[in-house]
Amino acid sequence: MSTFLAIHRPALQLGLFALVLAMWTAALSPANTQGFTPGKYGIGTPAEAALIAALDVDVRADGVGLPAGSGNYEAGGTLFSQLCVNCHGDNLLGGRERGGALIGGRGTLTSEYPRRTVESYWPYATTLFDYIRRAMPYSSPGVLEADQVYSLIAFILGEAKIIEKSVIIGADNLAAVEMPNRDGFNADWQPEMFR
Amino acid sequence: MTKKSKPQVSDLSATPVLPVSGRQPKSLAQTADQDPTRRRLLLGAAAAAGAAAVAAAPKQAQAIAPPGAVEYPVPVDPTQVPGRPPGLNGGYGTRSQFETEVREWSGSGTSSRTPLASSEGTITPSALHFERHHNGIPEIDPEEHSLLVHGMVKRPLTFTMADLKRLPSTSRVAFIECGGNSAGEYHAARGKEIHNMHGLVSSSEWTGVALSTVLREAGLESGAAWLLAEGRDAAMLSRSIPLEKALDDAVLAYAQNGEALRPEQGYPLRLLLPGWEGITNVKWLHRLDVSDAPFQTREETSHYTDLNIVTGEAKQFTFVMAAKSLILFPHPEAKLEGPGFFEITGLAWSGRGKIKRVEVTTDGGKNWHLAELQEPVLSKSQTRFRFPWVWDGEPTMLQSRATDETGYVQPSIRQLKEVRGDAERGNVNYHNNAIQTWRVNRGGTIENVHFSGNS
């Protein structure tokens, strides 16, 4: 290409050279060079730690991502009666609206009417924090503080008789809660093969 | 991106006045008597058309134009009056006012279903693509939207929509099927309409950036094995995706069927995982967190896991939608008018690759015949099949059976239940890809039944 340009269009070649130089300079501007090596295309802006911290709300099963804080059964019960009862019912067995049952159902997974609840089915307690914080209450998600989420979890797990009602739930012990159906899941299954 | 100013739509009352039959826009009807020109035209048309027009009255427009349509005057003879000029619809095309197919939405407000019975070819119109939302459809300004890639990457990056569109693009056709499609049909044959039974599947051409391109820009750290894909809807829906799939054929899609994604399909950005259950194709995508382990989100533990009630064990991360086919004609809302020729037609698809063959039986499984497959047959896409059939007027059973390029053969409902067990509710009914049976009754009515023949 450069040969073609050298022979036929020296002026164009000069212009292109200037353009490429300008793009190269832009790619190497200070904003893009601090701790940043561009990938193949050099497109995308380095993400600041503060931005990542603001958006990174996920919580893993091992507890990574849990924010500092704690909560208790009583505070959780108060919040539940204010925010959750319409959908999940007074007794956490599900309401008239969309909310499903949160407790009960132990021993039903091999029955004709398996009931899948936090108590009977959920393998990890950390999922409660991740899900409640991001998606609940359904009509106004994202309003709960960390302590409020921990309190709701203490209430639900207490009602489910998974933990004692006196247990304070927080970042330090949520991942260690032993859920009744912890070993009920198989991620290493063989695909069904019908022939 | 500068927004174009809204095109000026010419005033309806200023458009040429057409002789009409049936309903007409109110503004025209109200002014007709005061407008001598219009009256003359009407009289002239009536005289010219004569008795023939009266004898063959045209189909009348609906009282209210169907969704997606605009109501226009319907002339007695469209060859005798100039048609409308382009632009009356504001410059974005609308369908005929005589076409009424719509998605039927659920009472719970969380889903709507593709009207499969009337589908043609292999592509679902974007406006009829099924929906499943976990807390509604967010309205997102693309100028305010970006994708954050972080976690186990060398360079955490944010990409604006403009950034993503600068990267090399790719297009492909792919079906998306909800993991819960056909769930209501697992325990017993219940459905009366095909969209209520199986309407959570649709096909589109998707355009975007290969996810592998974006992950290479960020650079993966050693040990990275999964990523969390998160949406910017009120559910902040999130699923853990193995990097193996992310680097294989995953696409960050910003377009569908030649235009921007529909809001219901994730505008301005969705994850496309060809062949994988619908919920993993995260809509309104705004964050990818690369990790060494899955995150165990609600939608991959509490839901979208396959409980086997025989063992009590639930399979997790059952991503692939296995081979499935469905006869779309005849179907329970159609009636065969009498003995004679009918074209049996339907769709087949597999999350593992291409459809290799579709077999059709018209005698309850005694004989199977190869159906014709419409070219091109594309991987992880819906394939149209057709089979000519002469009905003798006797009761019988119709079925189709798909085989994909891996040799997987679509199972009967009995085969599925032998492996998974049976339950009226619970997780057991995700991923129901069983053969569908239509019973043809004497008189030509069609019924949804479970029938596994001798298989």
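Residues numbered from 1 in each chain as written. Chains lettered and ligands numbered in written order. Predicted model: local features only at pLDDT ≥ 70, side-chain atom pairs only at ≥ 80, totals over all residues. Heavy atoms only, no water.

**Considering the overall build of chain A**
Per the secondary structure count, chain A includes 8 helices and 4 strands. Along chain A, helices (α) and strands (β) appear in the sequence α-α-α-β-α-β-α-α-α-α-β-β when read from the amino end. The buried share among the 195 residues of chain A stands at 41%. Across chain A, every contact between residues at least 6 apart in sequence was considered, and the portion connecting residues at least 24 apart equals 52%. Here chain A displays about 11000 Å² of accessible surface, and carbon together with sulfur accounts for 56% of that area. (Helix = DSSP H or I, 4+ residues; strand = E, 2+ residues; numbered from the N terminus. Buried < 20%, exposed > 50% of the residue type's maximum accessible area, 1.4 Å probe, protein only. Contact = heavy atoms within 4.5 Å. Areas by Shrake-Rupley, 256 points an atom, 1.4 Å probe, with all protein chains shown as cover.)

**Structural notes on the environment of Gly89(A)**
Topologically, Gly89(A) is positioned in the loop between helix H6 (85-88) and helix H7 (126-135). C-alpha separation for the pair Gly89(A) and Ala101(A), spaced 12 residues apart in sequence, amounts to 8.1 Å.

**A word on the pairing of strand S13 (residues 285-291) of chain B**
All names here are of chain B. Where burial is concerned, most of S13 is hidden: 7 out of the 7 residues are buried. Bridging between strand S4 (residues 146-151) and S13 involves 4 bridges; their strand directions are parallel. Note on S13: the bridge partner recorded for glycine 151 is valine 290. Note that strand S8 (residues 226-231) and S13 share 6 bridges and pair antiparallel. Counted as the bridge partner of alanine 229 is leucine 288 from S13. (Pairing = 2+ DSSP bridges.)

**Points about the packing of aromatic side chains**
All names here are of chain B. The tally for this structure, following the rule as stated, stands at 13 aromatic pairs over all chains. Summarising the aromatic geometry, the rings of phenylalanine 175 and tryptophan 349 are spaced 6.3 Å apart at their centres and angled 55° between planes, so their arrangement reads as tilted. Of this pair, phenylalanine 175 sits in strand S6 (residues 169-177) while tryptophan 349 sits in strand S17 (residues 340-349), and the two are 174 residues apart along the sequence. Assigned by exposure class, phenylalanine 175 and tryptophan 349 land together as buried. A centroid spacing of 6.4 Å and a plane angle of 35° characterise the contact between phenylalanine 329 and phenylalanine 342, whose relative ring orientation is tilted. In this pair, phenylalanine 329 is assigned in strand S16 (residues 324-329) and phenylalanine 342 in strand S17, connecting sequence segments 13 residues apart. Classification of phenylalanine 342 as buried rests on a relative accessible area of 15%. Following the ring pairs from residue to residue traces out a cluster consisting of Trp226, Trp276, Phe317 and Phe319. (Phe/Tyr/Trp six-rings, centres within 6.5 Å; stacked < 30°, edge-to-face > 60°.)

**Brief notes about the pattern of salt bridges**
One pass over the structure, following the stated rule, counts 27 salt bridges over all chains. Among the salt bridges present, the one from Glu119(A) reaches Arg106(A), with a minimum N-O distance of 2.7 Å. Taken together, the residues Glu119(A) in the loop between H6 and H7 and Arg106(A) in the loop between H6 and H7 connect sequence positions 13 residues apart. Assessed through its relative accessible area of 10%, Glu119(A) is described here as buried. Take Arg106(A): its relative accessible area is 43%, and that puts it in the partly exposed class. Here Glu300(B) ties to Arg239(B) by a salt bridge, and the two come within 3.3 Å at their closest N and O atoms. Placement of the pair is Glu300(B) in the loop between S13 and strand S14 (306-307) and Arg239(B) in strand S9 (residues 238-242), with a sequence separation of 61 residues. For Arg239(B), a relative accessible area of 0% translates into the label buried. Among the ionic contacts, a cluster of salt bridges with common partners joins Asp56(A), Asp58(A), Asp130(A), Arg134(A), Glu230(B), Arg287(B) and Asp289(B). (Salt bridge = Lys/Arg side-chain N within 4 Å of Asp/Glu carboxyl O.)

**So, the confidence of the model for chain B**
Of all residues in chain B, 85% have pLDDT values of 70 or greater, and the mean over the chain is 88. Per-residue pLDDT stays below 50 along residues 1-62 of chain B; that stretch engages in 55 contacts with residues further than four places along the chain or on separate chains. (pLDDT = per-residue confidence, 0-100.)

**Examining the interface of chain B and chain A**
Facing the 66 residues of chain B at the interface are 52 residues of chain A. With both chains or domains summed, chain B and chain A bury close to 5000 Å², and 55% of this area falls on carbon and sulfur atoms. The salt bridge involving Arg134(A) is made with Glu230(B); its shortest N-O contact spans 2.7 Å. Run the count over chain B and chain A and you get 27 residue pairs in polar contact (both at pLDDT 80 or more). Elements represented by at least two residues in the side of chain B that touches chain A include exactly S4, strand S5 (157-160), helix H3 (161-166), helix H5 (211-218), S8, S13, strand S15 (314-315) and helix H7 (413-420) of chain B. It is H7(B) that contributes the most residues to the side of chain B that touches chain A, 4 residues altogether. Within the side of chain B that touches chain A, the residues separate by chemical class into 23 nonpolar, 26 polar and 17 charged. Pairing of strand S4 (residues 185-186) of chain A with S15(B), which is carried by 2 bridges, proceeds in the parallel orientation. (Buried area = accessible area lost by both parts, 1.4 Å probe. Polar contact = N/O pair within 3.5 Å; in protein donor to acceptor, adjacent residues only side chain to side chain. Nonpolar A, V, L, I, M, F, W, Y, C, P; charged D, E, K, R; others polar.)

**Examining a negative patch on the surface**
A contiguous patch of negative charge on the surface is contributed by Glu99(B), Glu101(B), Glu104(B) and Glu333(B). Position of Glu333(B) among the secondary structure elements: in the loop between S16 and S17. (Patch = residues over 30% accessible without salt bridge, like charges linked within 9 Å, V, L, I, M, F, W, Y side chains within 5 Å. Lys, Arg positive; Asp, Glu negative; His and termini not counted. Charge placed at Lys NZ, Arg CZ, Asp CG, Glu CD.)

**Describing the pairing of strand S10 (residues 251-256) of chain B**
Residues and elements named next belong to chain B. Within S10, 6 of the 6 residues are buried, which leaves it mostly tucked inside the rest of the structure. Pairing between strand S7 (residues 201-210) and S10: 5 bridges, direction antiparallel. Bridge pairing in S10 links alanine 210 to valine 251. As judged from the 3 bridges shared by S10 and strand S12 (residues 270-272), these two strands associate in the antiparallel manner. Bridge assignment links leucine 252 to a residue of S12, and that residue is leucine 271. Sheet analysis places S10 next to strand S11 (residues 259-260), joined by 2 bridges and oriented antiparallel. Looking at the pairing, glutamine 256 lines up with glutamate 259 of S11.

**As for the sheet that holds S16(B)**
Spatial ordering of the open sheet is given by S16-S17-S21-S20 (chain B), a layout of 4 strands whose pairing is antiparallel. Whereas interior strands pair on both sides, the edge strands pair on one side only; in this sheet they are S16 and strand S20 (372-373) of chain B.

**Structural notes on the environment of Ser412(B)**
As for its placement among the helices and strands, Ser412(B) is situated in the loop between strand S22 (396-404) and H7. Note on Ser412(B): relative accessible area 5%, which makes it buried.

**Quick look at the packing of H7(A) against helix H8 (residues 146-159) of chain A**
Residue and element names in this part refer to chain A. Running from N to C, H7 and H8 cross one another at 125°; their axes reach a closest spacing of 10 Å. For the element pair H7 / H8, the angle class is oblique. For the element pair H7 and H8, the recorded crossing hand is right-handed. Across the interface between the two elements, Leu128, Phe129, Ile132 and Arg133 from H7 touch Ala146, Val149, Tyr150, Leu152, Ile153, Ile156 and Leu157 from H8. Of the residues assigned to the contact of H7 with H8, the class counts are 10 nonpolar, no polar and 1 charged. (Axes fitted to C-alpha atoms, helices over the stretch in contact; angles between N-to-C directions. Parallel < 35°, antiparallel > 145°, perpendicular 65-115°, else oblique. Left-handed = near helix turned anticlockwise from the far one by under 90°.)

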